[in-house]
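Summary of the model geometry
Below are the chains, spelled out letter by letter.
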Amino acid sequence: MKEKPIVCPLCKNKNHKHVDSINVSILKDIWSSNNIDISNMFDNLNSLNYYKCNNCSLGFFDPQISGDNDFYSQLGQDKLNYDYYEHGGKTEFEYAKKIISPESSVLDIGSGAGAFSNYLGPKVKYTGIELSSKAVEIAQKNKVNVIKSTIEEYVKTAKKKFDFIVVFQVLEHIEDIHSFIESTTSVLKDEGTLILAVPNNNSFICKTPNHILNLPPHHILHWNKKSLKRLAVEFKFSVNDIYCERVSQEHSMSFYFSLIDSFLKKIFFISPRIIKISNTRTLLSKVSWRIAALLIFFNIRIYKKCIGQTIIITMKKSISS
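Quick summary incoming for the structure in this document.

Cut-offs used in this document
- Residues numbered from 1 in each chain as written.
- Predicted model: local features only at pLDDT ≥ 70, side-chain atom pairs only at ≥ 80, totals over all residues.
- Heavy atoms only, no water.
- Axes fitted to C-alpha atoms, helices over the stretch in contact; angles between N-to-C directions.
- Helix = DSSP H or I, 4+ residues; strand = E, 2+ residues; numbered from the N terminus.
- Parallel < 35°, antiparallel > 145°, perpendicular 65-115°, else oblique.
- Left-handed = near helix turned anticlockwise from the far one by under 90°.
- Contact = heavy atoms within 4.5 Å.
- Patch = residues over 30% accessible without salt bridge, like charges linked within 9 Å, V, L, I, M, F, W, Y side chains within 5 Å.
- Areas by Shrake-Rupley, 256 points an atom, 1.4 Å probe, with all protein chains shown as cover.
- Salt bridge = Lys/Arg side-chain N within 4 Å of Asp/Glu carboxyl O.
- Buried < 20%, exposed > 50% of the residue type's maximum accessible area, 1.4 Å probe, protein only.
- Pairing = 2+ DSSP bridges.

**A word on the packing of helix α8 (residues 252-267) against helix α9 (residues 279-297)**
One can describe the packing of α8 onto α9 by two numbers: an axis separation of 8 Å at closest approach and a directional angle of 135°. As summarised for this structure, α8 and α9 are arranged oblique, according to the angle between their axes. Judged by the twist between their axes, the crossing of α8 over α9 is right-handed. Along the contact surface, α8 presents S252, M253, S254, Y256, F257, I260, D261, L264 and K265, while α9 presents R281, L284, S285, V287, S288, W289, I291, A292, A293, L295 and I296.

Have a look at this one:
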């Protein structure tokens, strides 16, 4: 049987670079060390391959295996993903609330427990959709309008379209981007606004080895400015704005670590890997964390001028899309 060609999930281009391979057994061990069991998610797989599209710059794992409800229930109970369901105070919340008009309708896809609704005015008609049962339970307890559904399921029975749709920290988890965006577009009004926020993989996070929250089955796609602009072209949106946050104080330690770790690897001619597995790499990481801690101790603040973890794109739907 002929092998199915590997294509970019976004632009469907076959021209890509093989960047790395990940040993599934080691991946399971890393998650297990953080009290997350993924042993049932990678049946008969020994490795995952990581590619970067030469056309649109999207990074993607193959095969694509994303987390299920059980995985996110485990993740939500762990300090690893602090305040996962409530997750307030994000850059994208502050950014989006300035754009959304006072009496508009808003659909929040992947809403968690609906924390974003707290940033909106009292006359905004808010609807959240969320896959996690626990998040929906919390939302309903707090009387926030959040429904348990995927966007593909939701549009089958949706009776209205929205002025604004926000998708915060979701696209990096999606297996079928085309199905997701096409379904999203179908419930957005003509000339309505779509706001997407994703981890920026042109920032320090792409240089951090064993960055567990940027690995499968949590993140299966790695976005950046170029791939987001390509998404707009692919689905006939016009781009209003692209905003890259700066490194926050909360992320400063991780920023310094990735900077130092990357520098030390260059000095010792060690190739960058998504997952570090050797004793030498482990030692370099320990040294990097110590130097990073010293920089924080002496209040070095160069991080404030550097690109941070999140990138946001605001797009308008054309009448014909």
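**Brief notes about a nonpolar patch on the surface**
On the surface, L259, L294, F297, F298, I300 and I302 cluster together into a nonpolar patch covering about 630 Å² of accessible area. By the element assignment, I300 lies in the loop between α9 and β11 (307-317). With relative accessibility at 34%, the residue I300 sits in the partly exposed group.

**Some words on the pairing of strand β3 (residues 59-62)**
A regular strand places its side chains so that they alternate between the two faces of the sheet. Judged from the four bridges that link them, strand β2 (residues 47-53) and β3 form a sheet pairing that is antiparallel. Bridge pairing links Y51 to F60 in β3. A loop of five residues connects β2 with β3, the two strands running antiparallel in sequence, and S57 in this loop sits at a positive phi of about 75°. Where β3 lies against strand β9 (residues 221-222), two bridges are found, and the strand directions are antiparallel. Bridging from a neighbouring strand, G59 pairs with H222 of β9.

**Topic: the pattern of salt bridges**
Tallied over the entire structure, the rule returns seven salt bridges. In this structure, the salt-bridge partner of R230 is E234, at a minimum N-O distance of 3.0 Å. Note that R230 and E234 are positioned in helix α7 (residues 225-234) at a spacing of four residues, about one turn of the helix.

**Description of the sheet that holds β11**
Read from one edge of the open sheet, seven strands run β6-β5-β4-β7-β8-β11-β10, paired in mixed fashion. Because the sheet does not close on itself, it has two edges, and the strands there are β6 (146-148) and β10 (237-246). Pairs of neighbouring strands in the sheet enclose a mean axial angle of 20°, with direction left out of account. Relative to β11, strand β8 (residues 188-199) is paired through seven bridges, and the arrangement is antiparallel. Note that in β11 the partner of T193 across the bridge is K316. Of the strands in this sheet, β5 (125-130) and β6 are in contact with helix α4 (residues 133-141), which crosses β6 at around 150°. In the packing of α7 onto the sheet, contacts are made with β8, β10 and β11, and the angle to β11 comes to roughly 10°.

Just geometry here; none of it tells us what the structure is for.
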